[in-house]
Structure formats: structure tokens, C-alpha cells
Amino acid sequence: MNIIETPVQLAQQRERELPPPELREVVFDVSGLTVSYGGNPALKDVSLEVYKNFVTAFIGPSGCGKSTFIRCFNRMNDLIPSASVGGTILYHGEDLYAPHVDAVEVRKRIGMVFQKPNPFPKSIHANVAFGPRVLRMTDDLDGRVERALQQAALWDEVKDRLDESALSLSGGQQQRLCIARCLAVEPDVLLMDEPASALDPISTTRIEDLMHELKREYTIVIVTHNMQQAARIADMTAFFSVQIEDGKRSGVLVEYDATPTIFTKPADKRTEDYVTGRFG
Amino acid sequence: MSAAALSAGRRRGVWRGRIFVALLLLSMAVGLLALGTLCVDVLQRGLAYFDSVLLTNGPSSDPDIAGARPAILATLYLGVLLILFTVPIGVGTAIYLEEYADRHRWYNRLLELNIQNLAAVPSIVYGILGLAFLVRGLGLGRVLLAGALILTLLVLPTVIIAAREAIRAVPSSIREGAYALGATQWQVVSRQVLPAAIPGIATGSILALARAIGETAPLILIGALTFISFNPTVMGPFTALPVQIYNWTKLPDEKFKALAAAAIIVLLIMVLLLNAAAIWLRNRYQKRW
Amino acid sequence: MRISLQEELDQLEAALQEEGALVLRALRGCLNSLARHDVELADEVIAFDDEVDETYVAIEAGIQSLLARQTPVAIDLRNVLAILHINLHLERMADYCVTVAKLTKLVHDTPPDETLAEALEDMGTRAEEMIHAALDSFANRDVESAESLVDMDELIDAANRRVVHQILSLSADPDLREWGLRMLLVSRCLERIGDHAVDIGEQTAFLVSGQFREFTDASH
């Protein structure tokens, strides 16, 4: 007698290798975060969790506070005198804005890549070595530089010209150099503020592929004004929008969910209007 | 439409444009002409006396054996001391104002205002200042050091302003990138901002120096003596090249006037070399951005 | 480049091929149950359809997600659309297998006409071959192999037409006549499975050429 037996392996095959909610590790726990510049609220009452080894994207129209938000994660808003931050951000359970917390220690673990590639006017090697040098991680410096460049998928292109000026690289290469620079200090988290918006489409795709590889080892948070980019690479997507209260504009978090949900059946109409392009 | 319709002659304002360019060329010509005339005049008068005697001998009442060696040496010493004093103070002030100071504090705003004003003060006022506070007040006496200090005060505002411009020219994206990697403020300033600003600072300092070595009034006021036959020392009496020139022109003998012209040539060469160095530096580091 | 898009496309196609394997097992199962009058086996085939449906729904959801997030174009888009259609055809094939199994259960105790039973077995085997050919030609993007499905389908269609005559010539025994009618439906199911296999071949041609066309006209 032929008994047909076939366990369907499909679920495991098709799954995007994301752990289910109960197995996710929380890296950032944001609660009631409010950021104001000189009394004007730029971002109001944001609460969400960022998970380990996920790519989390912040999308939304311009002025919705997403860049302000991401800069809170590595205390870069400290550099702006008029900025004040309320609420809490817990990083692995520790309050990032507690009085005893040193911003340098924070930035050692939480790196940032900016919108316009900003290589230092030094050699390629000196660029990547800068982080380790200022943080006194100078053992096996050349090894660190090579590993960082390998991880940023730039090593093969520059290994014979490490002493040349970083400014001689193309835009896409410069951005990968900036990523290598961050990786050289062995961070836990990579923050990316519109990393590909200044690049041509092919360089953009390379950066996206790179993020796909990097998320195995790092937790990545990215701000992007290109929602298709968020759709392509992010595991979780947070949609921010502008709200006007008492004549003042401030950014709020509208919806935060798994990317497929945001782009197939978002819960909030504002989200749907934005992702379908009907947002005015 | 005919071909003539596209020709430039039919455009209104063509003549206005041409006249404008002509006026610009005229202005440039005036400047060049004046400079040219001065140079030619000086060369005519002084070339005969521009020889090794001028450079090796001390002053004398006999124009044929008179030289400006002490004056030249003093000017060189003044230059070196000037750089030693102005660069650290000037760059330090600039770094403080650009990187550390909170613009909104009243004392910082006062400081800025002060510096802008000092740059415009006539040099003879510095001379009086130096005489009162350095020569007499501090009791330094009429020495080279005092001269150097006065010249420092004179050009310090210029160096500060130039250094601030150079520091400001460093893009903030560089600073942000360095901060984001975990650098402290001092590390950002010392490892990124300053190295990038050095060409601008150097250029500004050299130009300030070039101006300072031609200053006569403050040096006269603090008593740069004119008949020094020995080589100057830092804590001793001195004379400087511009002062020497001034005094030679006052003498009745025509030959001294010619000597003065020769000394002017020496001064001009110094200034020219300094300016050339400044331009070379600026060009060399221009491409980095 | 576009690693995640490629990975997802590969995963969808692998899922599709696995669905095809499930359909083949269902078909073999229902043919065996038909040949051996095995009611238990027929029940298993019917229950098994739930697995196929699960796979179908999962692939549908995967396609929706991929379209929303990756915005594929050109060949990637045609690939996704082809997978979408093939998914549907496979699911319909599985449904036909269920129908055959149900029909088997209805007349399992009637001794069959051997000739007709053999003919149906042949048709079934041909259908199996066609499914294999369709899935392989899709995997290999082989248009020629896809077009050959038309000829294979001819054979099934011809056999289907002969079955009608054979049934009409059966004896007047009412059980046998009932059996004959049910077998007519079985024959029809197998013929439809063949048609769906040709449709899969048409998707392969669409993927490769960019144009959708029916391999044959309706008069055939």
C-alpha cells in the first residue's frame, strides 16, 4: 500500500530567515522620545523597538523628523546646542541619555554613515585607520583596515592603492569607504542617514546588496526618502509623518510594522496614502 | 529668419558689455602702471649700489662703503620672532573662537568685535602702545624683542582672521564624520580640522609677515636706532631695514639716496619671496578639496 | 546584484517546483488508487490536497509580497507573472486528481473493463510525462521542450475521444454503465490536466519571448 507522505518543507524554504516576534532581541527600546530645537518640537512622542540583525527603515515625507530621530541613537544631536531630547532610548537596557553616559563610548558602538559621502582628505588607509586610532584600537591596524574594507566590498578595488587620496575614488566607492571606516571600530549598530541618495543607481544597488550582507553581523537602521528602497531592503519599516498642532509642525510615528505588511496591507490610511504615492 | 538676425550686433547692451570690460582693463592697467613705474624708478636709482657691499657692511658715513647688514639681519630676526609669537597665539585664538566658544555669550561676541577693530588700528598707535607698555612699562628697553612684540600685536588680528577663515573652510561634514567615529572634540580639532586648515593658516601668516617687515612707524617710535654697526641681538638695540631706508633718504648726499633705493630693492625681494611662497602654498593645497 | 530579489525569486521557483512534485505524487496516487480500487489510497489523495492548497496560498502570498517590495521589471516581472499562473495551473491539476480519487471511491467495487482501465492508465502516464516536461522546460527556460507539449497533448486528446466510443460499446450491465460514466469524467479530468500542462508550457514561452500566445487555436 502506497501511503503518500509529504511534509511540506515550504515554510522553511520561503521564509525570509527572520526570527518570529518572541525570538527577537531588542537593541533599542525607544519610549516617548521628543526632540525640540530651541523650543520647537521636531519629533513628538515616538516609541518603538529596534531588533538585532534586522534592517529597520524610517520613511516619510521631508520634515517629518526621521533624520532627527536617527541622530538620537548615537547622540549626534548633542552637537547642536539648541537641541533638547526628552523621553528615553534604552540601548541593550541602558539609557543612552543618562548623565553618566559618555557620548564617545556610545559612538564607538553605534556608527553612522551620512547622506553625502564625507571621506577625510587623507589617504584611503588613513581614513579607515582614523577610528581605531582615536579609540586606541591600534593592534594589528593594517589587519583591521583590510577586514573593514573587505566587509565593505571595497578591498579588491583599492588594495593596491591604499596610500592614494580618498578623494580620488568615485562617489559610490567613497560611500563604501565611509562604511568601511565605521566598520573598522567594530560597532554593534550601523546608522545610515540616506546613504545612497547622492549616488547613481548602480552604486545604490551595490550599497543595498552590502546592507543585505552586513545585517548578518550588525544591526542596521536606515533613513530613506526613497520608499522603494525601504521596501527592498528593510525587514521592519517605520512610517513618520508631519502633524500640525497649534500652528507648529512636528513629526510623529504613524505606523511601525514588518515591511511586507506596510507595503501590502498597512493599517493606517496615512501610511497607505504615502506608500501608494497619493500623499499630497 | 535671416542669418544676420542671430549676429551679436543686434543684441542690446552689447556695447555696454564691451565698455565695462574696457573699464576693467583700464583699472588693471592703472595698478600695473603705478607698480611698474615705482619698480623701474627704484631699480634705476639703486641698481648701482645693489651689491655685496650692501649686504655685508655695516652703516658708515661714507656711502661707498656703507651697507645695511645689521638692518637686514634685524629684519630677519624680527620676522622669525614674529612667526614664533603670532602663529601659536593667533591659531589658538582662532581655534577657541571657531570650535569651542559659544557664539551667544557676550564675552565671546566682545572678543570678536575687538579683533575686527584691532585689525584696522593704524600702526603708529601700536608704536605708542609699545613705547608706553613694553619699552617703559615693562622696562624692556628699546630692544629687538620689544619691536617683535609690537609687530606681533600689529599683525595678530590679521592672522586670527585668516586662521578663522581657514578653519571655517573645513567642511562640517568632516567634523561630523570624525565625531561619529567616537573622536573627542580635541581629537577632531587636532587630527582633522587643523591639518586641513594648515595651508590657509600658513598662507595667512606669511602674508601678515610680509606686511609686518615693511612697517616703519612703530619701530621708529620705540627707538629703532639708525646707526648700529654691530649685529643685532634679541635683547639689544636694533634697527630694521625700513628704518634704515628712511634714515638714508633723509641724508643730503645723493649717494645715500641711491643706497636707500638699493635697500628698497632688498626689501622688495624679501616681500616678493614671501608672497610667492604664500601663493605656492595655496596652489599646492588647493586641489585637496 | 540585487541579491535579495534574486534570492526571493529563486525561493519562489523552488517552491513552485516542489508544488509540482506534490502534484505528481497526487496524480500517481489517484492513478494507483484507480487501478487497484484502493479506497484508502483515494482518501489519502483527497486529504493530501490540503498540502497542495497550503503551498498554493503560500506562493500567492510570496508573490504579492515580492511585487510590493521589489518592484521587479522586465524578465523578473515576467518570471513572477509566470510563477503566478503556473501556481494556479498546478493547483487546478491537484483539484482534478481529487476529483479522480472521489470518482474512484464511488465505483470501487465494480469490476472494471480491462481495456478501458488500461487506456486510462496510459492517459494518466502521459499526463505525468507532460507535467514533468512542463516543469522541466520552465526550470530550463526551454521553449522547444515547452512547445513539444502540444504534441503530447494531442495524444491525450485523441485517447479521450476514443474513450467515449469505448464506453458506448460497453455491455448493458447497469453497474458497468455507471462505471463507464464515471470513467468518462476521469478521462475528462486527465485530459484537462494535460491542457493545464500545455498552459504551463505557454508561460515558459511567455517568460522567454516576452509575448504571450496560445500554442494552438481553439479549433484543435
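Calculation rules
Residues numbered from 1 in each chain as written. Chains lettered and ligands numbered in written order. Predicted model: local features only at pLDDT ≥ 70, side-chain atom pairs only at ≥ 80, totals over all residues. Helix = DSSP H or I, 4+ residues; strand = E, 2+ residues; numbered from the N terminus. Rg over C-alpha atoms; globule rule 2.2 N^0.38 Å. Buried ≥ 20, exposed ≤ 12 C-beta atoms within 10 Å, placed from the backbone. Contact = placed C-beta atoms within 7 Å. Nonpolar A, V, L, I, M, F, W, Y, C, P; charged D, E, K, R; others polar. Expected span 1.5 Å × (residues − 1). Pairing = 2+ DSSP bridges. Core = buried A, V, L, I, M, F, W, Y, C linked by C-beta atoms within 7 Å. Axes fitted to C-alpha atoms, helices over the stretch in contact; angles between N-to-C directions. Parallel < 35°, antiparallel > 145°, perpendicular 65-115°, else oblique. Left-handed = near helix turned anticlockwise from the far one by under 90°. pLDDT = per-residue confidence, 0-100.

### Focus: the overall build of chain A
At step 1: Helix and strand counts for chain A come out as 11 helices and 10 strands.
At step 2: In summary, chain A has a C-alpha radius of gyration of 20 Å against a globular reference of 19 Å for 280 residues, a match within 12%.
At step 3: Within chain A, buried positions represent 44% of all 280 residues.
At step 4: At a minimum sequence separation of 6, the contacts of chain A that also span at least 24 residues come to 69%.

### Focus on the overall build of chain C
At step 1: Looking only at helices and strands, chain C has 6 helices and 0 strands in total.
At step 2: Expected size for 220 residues packed as a compact globule is a radius of gyration near 17 Å; at 19 Å, chain C falls within 12% of this value.
At step 3: When contacts within chain C are restricted to residue pairs at least 6 apart in sequence, those whose partners lie at least 24 apart make up 80%.

### Some thoughts on the interface of chain A and chain B
One widely used convention gives an interface's size as the accessible area the parts lose upon coming together.
At step 1: Across the contact, 19 residues belong to chain A and 16 residues belong to chain B.
At step 2: Going through the elements one at a time, helix H3 (103–109), strand E6 (110–113) and helix H4 (124–134) of chain A are the ones with two or more residues in the side of chain A that touches chain B.
At step 3: Here the side of chain A that touches chain B is composed, by residue class, of 11 nonpolar, 4 polar and 4 charged.

### Digging into helix H2 (residues 39–70) of chain C
At step 1: Taking 1.5 Å of rise per residue, 32 residues should cover 46 Å, and H2(C) covers 46 Å from first to last C-alpha, within 8% of that figure.
At step 2: C:Thr71 sits one or two residues past H2(C) and shows a positive phi near 40 degrees.

### Description of the pairing of strand E7 (residues 189–193) of chain A
All names here are of chain A.
At step 1: For E7, a buried count of 5 out of 5 residues is recorded, marking the element as mostly surrounded by other parts of the structure.
At step 2: Alternating positions in E7 separate into two faces, Val189, Leu191 and Asp193 on one and Leu190 and Met192 on the other, with burial throughout.
At step 3: One ladder, built from 4 bridges, connects E6 with E7; its direction is parallel. Among the inter-strand pairings, Met112 is bridged to a residue of E7, identified as Leu191.
At step 4: Where E7 lies against strand E8 (residues 219–223), 5 bridges are found, and the strand directions are parallel. Bridge pairing in E8 places Met192 opposite Ile222.

### Description of the nonpolar core
At step 1: Counting 147 residues, the largest nonpolar core has A:Ala180, A:Leu191, B:Ile150, B:Ala163, B:Ala240, B:Leu241 and B:Ala263 as the members making the most contacts within it.
At step 2: With 16 residues, the single largest contributor to this core is helix H6 (residues 144–168) of chain B.
At step 3: Apart from residues lying up to four places away in sequence, A:Ala180 is in contact with A:Val128, A:Ala148, A:Leu149, A:Gln151, A:Ala152 and A:Leu154.
At step 4: Counting residues in each nonpolar core, the second largest holds 55 residues, with C:Val52, C:Met130, C:Ile131 and C:Ile193 among its members.

### Looking at the arrangement of the chains
At step 1: Counting contacts across all 2 pairs of chains that touch, the top pair turns out to be chains A and C.
At step 2: There is a clear gap between chain B and chain C: no contact, and 28 Å between their nearest C-alpha atoms.

### Concerning the packing of helix H4 (residues 114–140) of chain C against helix H5 (residues 143–168) of chain C
When two helices pack together, their arrangement is given by the angle between the helix axes and the distance between those axes.
All names here are of chain C.
At step 1: Running from amino to carboxyl end, H4 crosses H5 at an angle of 165 degrees, the nearest separation of the two axes being 10 Å. Put simply, H4 runs roughly antiparallel to H5. In this structure, H4 meets H5 at a crossing whose hand is left-handed.

### Remarks on the confidence of the model for chain C
Should pLDDT be low for a region, the predicted coordinates there are not to be read in detail.
At step 1: Here chain C averages 92 in pLDDT, while 99% of its residues score no lower than 70.
At step 2: Predicted complex, confidence summary: ipTM 0.88, pTM 0.81.

### Observations regarding the pairing of strand E4 (residues 83–91) of chain A
Sheet faces and side chains relate simply in a regular strand, where the side chains alternate between the two faces.
Residues and elements named next belong to chain A.
At step 1: Pairing analysis gives 8 bridges linking strand E1 (residues 26–37) to E4, with the strands arranged antiparallel. Bridged to Thr34 within E4 is Gly86.
At step 2: As defined by bridge partners, E4 adjoins strand E5 (residues 94–95) across 2 bridges and the pair is classed as antiparallel. Its bridge partner being in E5, Leu90 is matched across the sheet by Asp95.
At step 3: Where E4 folds back on E5, the antiparallel hairpin that results is connected by 2 residues, among which His92 adopts a positive phi of roughly 45 degrees.

### Some thoughts on the packing of H4(A) against helix H7 (residues 171–183) of chain A
All names here are of chain A.
At step 1: Here H4 crosses H7 at 35 degrees, and the two axes come no closer than 7 Å. Taken as a pair, H4 and H7 cross one another with a handedness that is right-handed. Residues Ile124, Asn127, Val128, Phe130 and Gly131 of H4 touch H7, and the partners they reach there are Leu177, Ala180 and Arg181.
At step 2: Looking at side-chain class alone, the contact of H4 with H7 contains 5 nonpolar, 2 polar and 1 charged residues.

### Considerations on unusual backbone geometry
Residues and elements named next belong to chain A.
At step 1: Even without glycine at this site, Asn53 takes up a positive phi of about 60 degrees.
At step 2: With respect to the helices, strands and loops of the structure, Asn53 is situated in the loop between strand E2 (40–51) and strand E3 (55–59).
At step 3: Backbone geometry places Arg75, a non-glycine residue, at a positive phi of 60 degrees.
At step 4: With respect to the secondary-structure elements, Arg75 resides in the loop between helix H2 (66–72) and E4.
At step 5: Owing to 22 C-beta atoms within 10 Å, Arg75 belongs among the buried residues under this scheme.

### Quick look at the environment of B:Trp106
At step 1: Relative to the elements of secondary structure, B:Trp106 occurs in helix H4 (residues 106–118).
At step 2: Each C-alpha atom of the pair B:Trp106 and B:Thr233 lies 43 Å from the other, and the pair is 127 residues apart in sequence.

### Let's talk about the environment of A:Arg133
At step 1: Along the chain, the position of A:Arg133 falls in helix H4.
At step 2: Separated by 42 residues in sequence, A:Arg133 and A:Tyr91 have C-alpha atoms that sit 25 Å apart.

### Let's talk about the environment of B:Ile150
Residues and elements named next belong to chain B.
At step 1: Tracing the backbone shows Ile150 in helix H6.
At step 2: By C-beta crowding, Ile150 is classed as buried, having 26 other C-beta atoms within 10 Å.
At step 3: Sequence-wise, Ile150 and Leu73 are 77 residues apart; in three dimensions their C-alpha atoms are separated by 18 Å.
At step 4: Setting aside its immediate chain neighbours within four residues, Ile150 contacts Tyr126, Gly127, Gly130, Leu134, Pro218 and Ile222.

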